[in-house]
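So the chains spell out like this:
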Amino acid sequence: MTEANTNPTEELNPFKIAQKQLDKAAAVLNLDPAIHALLREPLRELHVTLPVKMDDGTTKIFKGFRVQYNDSRGPTKGGLRFHSQETIDTVRALAAWMTWKTAVVDIPLGGGKGGVICNPKEMSMGELERLSRAYIRQVGRIIGLEKDVPAPDVYTNPQIMAWMADEYAFLKGYNEFGVITGKPLEIGGSQGRMDATARGGMYVIREAAKILGLDTNGATMVIQGFGNAGQFAALLGVELLGCKIIAVSDSKGGIYNPDGLDPQAVIDWKRENGSVIGFPGTEQVTNAELLEIPCDILTPSALESQITGANAKRITPKIVAELANGPTTPEADEIFYKNGVYVLPDFLCNAGGVTVSYFEMVQNAYDYYWDVETIHQRLDEKMTSAYHAVHETAEKFQIDMRTAAYVIAVDRVANAIKVRGWV
Ligand code: GLU
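Note that the structure is a prediction, hence the values are computed from the model and not measured.

Enquirer: What's the story with the overall build of the protein in this structure? I'm lost.
Expert: Of the regular secondary structure elements, the protein holds 14 helices and twelve strands. Taking 423 residues into account, the globule formula puts the C-alpha radius of gyration at 22 Å, and the protein, at 20 Å, falls close to it. Each of the three principal axes of the protein carries a C-alpha extent, and together these read 55 × 55 × 50 Å. Taken over 423 residues, the protein has a buried fraction of 61%. Here the analysis covers contacts within the protein between residues at least 6 apart in sequence; of these, 71% occur between residues at least 24 apart.

And the structure:
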């Protein structure tokens, strides 16, 4: 989905983008040059080659990665993606963003990420299970409760986490469920983890709307991406904020109805038909067109680099709430800042997922489980205070919200590095 960009000069490598964003915050913070250099690179990464028996009797060889970006504040933490376009630089960028994400919501974890180059849409359940187990047989040696804790991300889900936790239990010789989060409830998953990314985002939008004087009741919302984050954003956008969802899309394209969509009906339609496309009473739009539909709140919930220097000037919502990781490039950020589009940056806006993952780790450690109201309340506290800290930092330094989020996160990581004596 890179159709949005037509500017040949713009850098779209996500890792280069992550480094550029860091550089901007380092200048505001007057960051120690050695700490800056350290934070521009991952501490460790593992590249693995995975033989997997396919249903037709052949063996296919897959490439996978796990990047442990920085663990100065705690074990590295972050999801695992199954995607045909996965690259090591994408995983590096995502691992860097996890480092800033755990720091901005102030949970005692570092940042990591994993990926496997594969097309899960073309694989059977059996093939996905064998791939998941093969990944843990290789990566199992570097993950661990105190080392690195994977979770779901694009095209991975609780079932995949369950197979991975099970394979890890065989490697160890006993169950160690806290090594993976986003698990099913039956084996130590947490209440409230499924919708946590979107729910956390809605809490942040709610707080931003108060500051901006925007009444979310009846406000129009457009959602790009209709996976876990996008589907729950649609449901909770209506339930928690009273928004009207006027357009949604998935990898095949989008649907638009200015009178509003019933999110549950669209979810059911996608489950039955494989895509949101064709949902009755809607106009079909491309993913690029969807981003430009006039609305109050645009919620990118798909992949990186969707909003670029080429299309940002035509994208004019009041709020861009980034549930995806890395949807907006630095060129687009500058245009938004100039045009007064208020950005809720990814590693703040989508931190709800990892926050409830952290709650899951805590519950696993104590073997004592919280009810869903407790999860929601603690998530709300974390997201609300992180949002206001970022907003105040943006005001204080007169900088954009992304750079403000970086200033807080990088400062926390830098202080951990200093106090540990690394630099
Ligand atoms: N994959 C999610 C993210 O990008 C969640 C990570 C986690 O729970 O560790 O934030």
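Enquirer: Would you explain the site of the ligand in this entry?
Expert: In the region of the ligand, 14 residues are neighbours, and Lys 77, Lys 101, Pro 152, Asp 153 and Ser 357 sit closest. Taking Lys 113, its side chain carries an N or O atom lying 2.9 Å from an oxygen atom of the ligand. Side-chain polar atom of Ser 357 to an oxygen atom of the ligand: 2.6 Å apart, as the coordinates give it. Out of a free accessible area of 290 Å², the ligand has 95% covered by protein chains. Secondary structure elements with two or more residues in the shell around the ligand: strand 3 (76-83), helix 3 (88-104), strand 5 (148-152) and helix 12 (352-366). Taken together, the residues of the shell around the ligand break down into four nonpolar, five polar and five charged.

Enquirer: Which parts of the structure should I look at to understand the pairing of strand 5?
Expert: On any regular strand, side chains alternate: one points to one face of the sheet, the next to the other face. Strand 5 sits mainly inside the fold: five of its five residues count as buried. Pairing of strand 3 with strand 5 involves five bridges; the strand directions are parallel. Residue pairing for strand 5: Lys 77 is matched across the bridge by Val 149.

Enquirer: Mind showing me how you'd approach the sheet that holds strand 6 (residues 220-224) here?
Expert: Either a parallel or an antiparallel arrangement is found when strands of a sheet pair, and the pairing is made through backbone hydrogen bonds. Spatially, the seven strands line up as an open sheet ordered 9-8-7-6-10-11-12, and their pairing is mixed. For this open sheet the edge positions go to strand 9 (283-285) and strand 12 (342-344), each flanked by a neighbour on one side alone. Pairwise comparison of adjacent strand axes, ignoring direction, gives a mean angle of 20° for this sheet. Note: strand 6 against strand 10 (residues 297-300), four bridges, orientation parallel. Note that in strand 10 the partner of Val 222 across the bridge is Leu 298.

Enquirer: I would appreciate a short explanation of a nonpolar patch on the surface in the present structure.
Expert: On the surface, Leu 43, Trp 422 and Val 423 cluster together into a nonpolar patch covering about 230 Å² of accessible area. Judged by relative accessible area, Val 423 falls into the partly exposed class, the value being 40%.

Criteria and thresholds
Residues numbered from 1 in each chain as written. Predicted model: local features only at pLDDT ≥ 70, side-chain atom pairs only at ≥ 80, totals over all residues. Heavy atoms only, no water. Helix = DSSP H or I, 4+ residues; strand = E, 2+ residues; numbered from the N terminus. Rg over C-alpha atoms; globule rule 2.2 N^0.38 Å. Buried < 20%, exposed > 50% of the residue type's maximum accessible area, 1.4 Å probe, protein only. Contact = heavy atoms within 4.5 Å. Near = heavy atom within 4 Å. Polar contact = N/O pair within 3.5 Å; in protein donor to acceptor, adjacent residues only side chain to side chain. Areas by Shrake-Rupley, 256 points an atom, 1.4 Å probe, with all protein chains shown as cover. Nonpolar A, V, L, I, M, F, W, Y, C, P; charged D, E, K, R; others polar. Pairing = 2+ DSSP bridges. Axes fitted to C-alpha atoms, helices over the stretch in contact; angles between N-to-C directions. Patch = residues over 30% accessible without salt bridge, like charges linked within 9 Å, V, L, I, M, F, W, Y side chains within 5 Å. Salt bridge = Lys/Arg side-chain N within 4 Å of Asp/Glu carboxyl O.

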